[in-house]
Amino acid sequence: MAHAVVIGAGIGGLTAALALAGKGWSVTVLEQAASIEPVGAGLAVAPNALRALDVIGVGDEVRKLSAIQGRSGIRVPDGRWLSRTTAEDATARYGDPIVLLARSSLVGVLAERLPPGALRVNTRVESADPATGRVTLAASGAAAAAETIEADLVVAADGIRSRTRAALFPGHPAPVYAGVTSWRAIVPLRSVTAPLAAVTGASETWGAGPLFGVMPLAGDQVYCYATAPVPAGLRAADEREELLRLFGRWHDPIPALLAAADPQAVLRHDVHCLDTPLPAFHAGRVALLGDAAHPMTPNLGQGACQAMEDAVVLAERVSSHEPPHGVDPAAGLAAYSRERLARTTPIVRRSRAIGRLTRWRNPLAVALRDAAMRAAGRFGPNVAMRQFDPVFDWRP
């Protein structure tokens, strides 16, 4: 049986492990953290990613655990809508709406389906040899010897700061700061004491630089996220207070949600992306996947979605090329690289371009941007949604 080692137990790595296991591979998932409790808060799973999850048999369960995006759109800080769509519009056009759930819920669904014994936590990878597929692990103690694992395929899903990517393509430019920092938090509605406007759908509010998003989740929770253009590396003593300073006078329900947020649960991270695409998503027997391959800004909500696409395409391609005397994933990896580079490169660029639009501060430029979006919205939801066709229409 062919053996695959997956580096990283995030959404992309877990999806890859399940997709490969479904194709008959033996899989080992290596995670350097002590557990696979995910970093993050909420997650939007678009129709393209739901189709990828259907391939590995978990799509319906994810749908059951999720809230539906509902009536959604883009607003301005005083609450006026620039454009609006509904879940029914998305379902009619793509076969599924966008669904919303806690990142931990999706990770839990994926992790529960790993083959017994496949996951190893507290395991740091030192190197992966693209020529042989040999993975070298860090020694666990001063007297311990480094352990090696032989693999027919190595899947590097080790995130935006991927050490594997740096080793495979040492001269390639690293991800760059996208010009904004981000905040994320999940707020239980039971903790809201101030009057709260009903949270019946997802929305993004664009200001002159800052942005605030609201997404309802299952279980009477709301996922809040925000970005603002500031120099990289800044941090506040109290990030919730910083959010209240930036957004406390914006439309309902934003102030009430921020007032109810647990200050200790507010996450802040600078946003980075890869402006120069890699020449390939593989070298030898090693494949890059998700943020290790194509880190992008969050403006299209496609970071995790594209990782799930990567995973099912990779499993299909490397399982379709099996010579008579054993597995040689070379032809399948070349096909994976070609397909996924062509697919993800325009999505990364488009997400980056939208991120630049949200950062505009010049009052005239912001007024023109908002007027253009409002004009497009008057033509109905199909005009607003049509721009997502190249992203959401993907099928495995």
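Reference entry: report on the structure contained in this document. (Residues numbered from 1 in each chain as written. Predicted model: local features only at pLDDT ≥ 70, side-chain atom pairs only at ≥ 80, totals over all residues. Heavy atoms only, no water.)

1. Section: the packing of helix α9 (residues 303-318) against helix α10 (residues 330-358)
To keep it simple, the criterion reads: Comment: axis = line fitted to C-alpha atoms, over the contacting stretch for helices; angle = value between 0 and 180 degrees taken between N-to-C directions. What counts as a helix is a DSSP run of H or I of at least four residues, what counts as a strand is a run of E of at least two, and both are numbered from the N terminus. Angular relationships are summarised with four words: roughly parallel below 35 degrees, roughly antiparallel beyond 145, roughly perpendicular across 65 to 115, and oblique for the angles in between. Helix crossings get a hand from a simple test, with the near helix turned counterclockwise from the far one by less than a right angle marking a left-handed crossing and a clockwise turn marking a right-handed one. Residue contacts follow a heavy-atom distance rule, with two residues in contact if any of their heavy atoms lie within 4.5 Å. Polar here means any residue other than Ala, Val, Leu, Ile, Met, Phe, Trp, Tyr, Cys and Pro, which are nonpolar, and Asp, Glu, Lys and Arg, which are charged; Gly is therefore polar.
Interhelical geometry of α9 versus α10 gives an angle of 160° and a closest axis separation of 8 Å. Looking at the two axes, α9 sits roughly antiparallel to α10. In the packing of α9 onto α10, the handedness of the crossing is right-handed. On α10, the residues touching Gln306, Glu309, Asp310, Val313, Leu314, Arg317 and Val318 of α9 are Gly332, Leu333, Ala335, Tyr336, Glu339, Arg340, Arg343, Thr344 and Ile347. Of the residues contributing to the contact of α9 with α10, the split by class is seven nonpolar, three polar and six charged.

2. Section: the layout of surface pockets
Counted only if it meets this: Every definition here rests on a 1 Å grid over the protein atoms only: cavities are sets of points where a 1.4 Å probe fits but cannot get out, pockets are open sets enclosed by protein on both sides within 12 Å along at least five of seven lines, and lining residues have some atom within 4 Å of a point. Grid points are joined across faces, edges and corners, and a volume is the space filled by probe spheres set on the points.
Taken as a whole, the second largest pocket encloses approximately 180 Å³ of empty space. In terms of lining, the second largest pocket is formed by Ile160, Arg161, Ser162, Arg165, Ala166, Phe169, Pro170, His172, Pro173, Ala174, Pro175 and His272. A breakdown of the residues in the lining of the second largest pocket according to their chemical character gives seven nonpolar, three polar and two charged.

3. Section: the sheet that holds strand β12 (residues 153-156)
Under the convention used in this document: Pairing between two strands is assigned when DSSP locates at least 2 bridges connecting them.
The strand order across the open sheet formed by six strands is β8-β2-β1-β12-β19-β18, and the pairing between neighbours is mixed. Each edge of the open sheet is held by one strand with a lone partner, namely β8 (119-120) and β18 (282-283). Of the strand pairs in this sheet, strand β1 (residues 3-7) and β12 are connected by four bridges, and their pairing is parallel. Bridging across to β12, Val5 finds its partner in Val154. Contacts from helix α1 (residues 11-22) reach β1, β2 (26-30) and β12 within the one sheet, and its direction differs from that of β2 by about 170°. Across the face of the sheet, α10 comes into contact with β12, β18 and β19 (286-288) while running at roughly 15° to β19.

4. A closer look at the sheet that holds strand β11 (residues 148-150)
Spatial strand order, β9-β10-β11: three strands in an open sheet with antiparallel pairing. Edge positions in the sheet fall to β9 (125-128) and β11, since each of these pairs with one other strand and no more. Within this sheet the neighbouring strands show an average axis-to-axis angle of 20°, counted without direction. Here three bridges tie β9 to strand β10 (residues 134-137), and the two strands are oriented antiparallel to one another. When the sheet's bridge partners are listed, Val125 is paired in β10 with Leu137.

5. A few points about the pairing of strand β6 (residues 81-85)
As paired strands, strand β5 (residues 72-75) and β6 are joined by four bridges and run antiparallel to one another. The partner of Arg75 across the bridge, within β6, is Trp81. The antiparallel pairing of β5 with β6 creates a hairpin that spans five residues between the two strands, and Gly79 there sits at a positive phi of about 100°.

6. Details of the side chain of Thr205
Put simply, the rule is: Relative accessible area decides the class of each residue, using a 1.4 Å probe on protein chains only: under 20% of the type maximum gives buried, over 50% gives exposed, and in between gives partly exposed. Here a polar contact means two N or O atoms within 3.5 Å. Within protein one must be a hydrogen donor candidate and the other an acceptor candidate, and residues neighboring in sequence count only if both atoms are side-chain atoms.
With respect to the secondary-structure elements, Thr205 resides in strand β14 (residues 203-206). Take Thr205: its relative accessible area is 1%, and that puts it in the buried class. Among the polar contacts listed, one links the side chain of Thr205 to the side chain of His251, at a separation of 2.7 Å. If we ignore the near neighbours within four places in the chain, the residues touching Thr205 are Arg75, Val76, Pro77, Pro210, Leu211, Phe212, Trp250, His251 and Ile254.

7. Details of the packing of aromatic side chains
Test applied: Side-chain rings of Phe, Tyr and Trp (the six-membered ring for Trp) are treated as a pair once their centres are within 6.5 Å; stacked means planes under 30 degrees apart, edge-to-face means over 60, and tilted covers the remaining angles. For a lysine, the NZ atom is tested; for an arginine, the CZ atom; a charge sits over a ring if that atom is within 6 Å of the ring centre and within 35 degrees of the ring normal.
Counted by the stated rule, this structure contains six aromatic pairs. By way of ring pairs, the aromatic residues Tyr94, Phe388 and Phe392 are connected into one cluster. The ring centre of Trp81 lies 3.9 Å from the NZ or CZ of Arg84, which sits over that ring. One cation-aromatic arrangement involves Arg350 over Phe388; the distance from NZ or CZ to the ring centre is 5.7 Å.

8. A closer look at unusual backbone geometry
Note on backbone geometry: most residues besides glycine have negative phi, and most peptide bonds are trans. Of the consecutive residues Asp252 and Pro253, the connecting peptide bond is found in the cis state with omega at 5°. With a phi angle near 55°, Asn122 is a residue other than glycine that sits in the positive phi range. Checked against the element boundaries, Asn122 lands in the loop between β8 and β9. Classification of Asn122 by relative accessible area gives exposed; the value is 57%. Located in the positive-phi region is Asp220, a residue other than glycine, with phi close to 55°. Within the secondary structure, Asp220 sits in the loop between β15 (211-217) and β16 (221-228).

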